[in-house]
Amino acid sequence: MSNPKIGFIGLGQMGSKMVECLQNNGFDLLVMGRNKAAVAQTVARGAVEVSTPKELAEASDIVMLCVTTSDVVESLIYGKNGILAGIKEGAVVIDFGTSIPASTKKIGADLAKKGAGMLDAPLGRSPMHAKDGLLNIMAAGDIETFEKVKPVLDVQGENVFHLGTLGAGHTTKLINNFMGMTTACTMSQAFAVAKQAGIDGQQLFEIMSAGPSNSPFMQFCKNYAVDGVSDLGFSISNANKDIAYFVQMITDIGTRSEIAEGTSANLQTALDAGMGEGNVPEIYDMFVKRGAA
């Protein structure tokens, strides 16, 4: 795909930096997003704003989505004046968000009926990595579609993985986030129990980090529980959504995880308490308050 026209929907913290990277590397873009300030910035750098997903799809060789939920993705694909109504034969849709694999596979099948391809390509690393083209990209879909757009993905990512058939990227991301968020919740509760039992948190950290429990997540949790520094950069709201998707995914494949259900219940309780915008290690406060009740 030579000099593709790219349509990008979703100019949040990550998406706006991904667009900036693409523009800095000479790509022509059409954009849509709720963040009007970010849209204005991309337009000032030469992008064209469009009003509907259909209009964007009609003019794009690659349609990139960086939005929050499967429901939002489906509304963009299937809604009135949606992507499916405007997609061109030979075009490719890339979902960079974290979505439910069953939804991704359904969308991919419907796009294929129009002669278009799809990749699910969830991301690792931060918005600043996105600006510099240093993301980790976990792409999945048929290999021909992947190879067609890989030169563009290589601009956006330092590490670009092909994980197999459509849905494998979202499946891998959900497994990864299940492990990470469960670890963060467990370690946060460990520090809360230590406080309630009169154990020094710094000393607990030194003991645990000297053994196999040591990890970056332990450091993030200690930073908040002991030092009051909240620096993980992943919200309770986002974690709650991803763990709920993980529970849905494993239900869809005919199994169950009581561990994930427990993590989901704790995150939902924190969300209901108004903590959704806080970073995941801040769930420590909920565990401390629960113990003091």
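A short tour of the structure in this document, coming up.

Basis of the calculations
Residues numbered from 1 in each chain as written. Predicted model: local features only at pLDDT ≥ 70, side-chain atom pairs only at ≥ 80, totals over all residues. Heavy atoms only, no water. Axes fitted to C-alpha atoms, helices over the stretch in contact; angles between N-to-C directions. Helix = DSSP H or I, 4+ residues; strand = E, 2+ residues; numbered from the N terminus. Parallel < 35°, antiparallel > 145°, perpendicular 65-115°, else oblique. Left-handed = near helix turned anticlockwise from the far one by under 90°. Contact = heavy atoms within 4.5 Å. Pairing = 2+ DSSP bridges. 1 Å grid on protein atoms, 1.4 Å probe; cavity = no way out; pocket = protein on both sides within 12 Å on 5 of 7 lines; lining within 4 Å. Points joined across faces, edges and corners; volume = space filled by probe spheres on them. Nonpolar A, V, L, I, M, F, W, Y, C, P; charged D, E, K, R; others polar. Buried < 20%, exposed > 50% of the residue type's maximum accessible area, 1.4 Å probe, protein only. Right-handed = clockwise from strand over helix to strand, strands pointing away. Core = buried A, V, L, I, M, F, W, Y, C linked by side-chain atoms within 4.5 Å. Salt bridge = Lys/Arg side-chain N within 4 Å of Asp/Glu carboxyl O.

Attention shifts here to the packing of helix α1 (residues 13-24) against helix α8 (residues 143-156). In contact at an axis separation of 9 Å, α1 and α8 are set at 110° when each is read in the N-to-C sense. Overall, the two elements α1 and α8 adopt an arrangement that is roughly perpendicular. The two elements α1 and α8 cross, and the hand of that crossing is right-handed. The segment α1 lies against α8, with Met 18, Cys 21 and Leu 22 engaging Val 152, Val 155 and Gln 156.

Turning to the sheet that holds strand β8 (residues 135-139), a few remarks are in order. Think of a sheet as strands paired side by side through backbone hydrogen bonds, with each pair either parallel or antiparallel. Strand order in the open sheet formed by three strands is β7-β8-β9, and the pairing between neighbours is mixed. Edge positions in the sheet fall to β7 (123-124) and β9 (157-162), since each has one partner strand and no second. Inspection of the sheet shows β8 paired to β9 by five bridges, in the parallel sense. Bridge pairing in β9 links Ile 137 to Val 160. On the sheet, α8 packs against β8 and β9 and is oriented at approximately 165° with respect to β9.

The next subject is the layout of surface pockets. For the largest pocket, the calculated volume is near 1400 Å³. Gln 13, Met 14, Cys 66, Phe 234 and Asn 238 are, among the 39 residues lining the largest pocket, the residues nearest its centre. When residues of the lining of the largest pocket are traced back to their parent elements, those giving at least two are α1, α4 (70-78), β7, α9 (168-197) and α12 (236-252). Examining the composition of the lining of the largest pocket, we find that five residues originate from one element, α9, more than from any other. Its residues placed into classes, the lining of the largest pocket shows 16 nonpolar, 18 polar and five charged.

Most of β8 sits out of view: four of its five residues are buried. Relative to β8, β7 is paired through two bridges, and the arrangement is antiparallel. Residue pairing for β8: Leu 123 is matched across the bridge by Ile 137. The handedness of the β8 to β9 crossover, carried by α8, is right-handed.

Phe 191, Phe 246, Leu 267, Val 280, Ile 283 and Tyr 284 are the most contacted members of the largest nonpolar core, which totals 34 residues. Elements with a contribution of two residues or more to this core: α9, α10 (201-209), α11 (216-225), α12, α13 (258-272) and α14 (283-292). Ranked by residue count, the leading element in this core is α9, at nine residues. Counting 31 residues, the second-largest nonpolar core is a separate cluster that includes Leu 11, Met 14, Leu 29 and Phe 96.

With that settled, consider the pattern of salt bridges. Overall, the coordinates contain twelve salt bridges when judged by the stated rule. What you see here is one network of salt bridges that share partners, running through Lys 17, Glu 20 and Lys 131.

Before going further, it helps to spend a moment on the side chain of Gln 156. Checked against the element boundaries, Gln 156 lands in helix α8. Not counting residues within four places of it along the chain, the set of residues in contact with Gln 156 comprises Met 18, Cys 21, Leu 22, Met 64, Phe 96, Gly 133, Leu 134, Leu 135 and Ile 137.

The phi torsion at Asn 81 lies on the positive side, around 60°, for a residue other than glycine. Mapped onto the fold, Asn 81 is located in the loop between α4 and α5 (83-86). Located in the positive-phi region is Arg 125, a residue other than glycine, with phi close to 90°. With respect to the secondary-structure elements, Arg 125 resides in the loop between β7 and α7 (127-131).

Turning to the pairing of strand β6 (residues 117-120), a few remarks are in order. Burial along β6 is two-sided: the residues Gly 117 and Leu 119 and Met 118 and Asp 120 are all buried. Note: strand β5 (residues 92-95) against β6, four bridges, orientation parallel. Residue Val 92 lies in a different strand from β6, and its bridge partner there is Gly 117. Handedness of the β-α-β unit built from β5, helix α6 (residues 101-112) and β6 comes out right-handed.

What follows deals with the sheet that holds strand β2 (residues 29-32). If you walk across this open sheet you meet the six strands as β3-β2-β1-β4-β5-β6, and the pairing is parallel. Only two strands of the sheet have a single neighbouring strand rather than two, namely β3 (48-49) and β6. Bridge count between strand β1 (residues 6-9) and β2: four bridges; the pairing is parallel. Residue Ile 6 lies in a different strand from β2, and its bridge partner there is Leu 29.

Everything listed is a geometric property; what it means functionally is a separate question.
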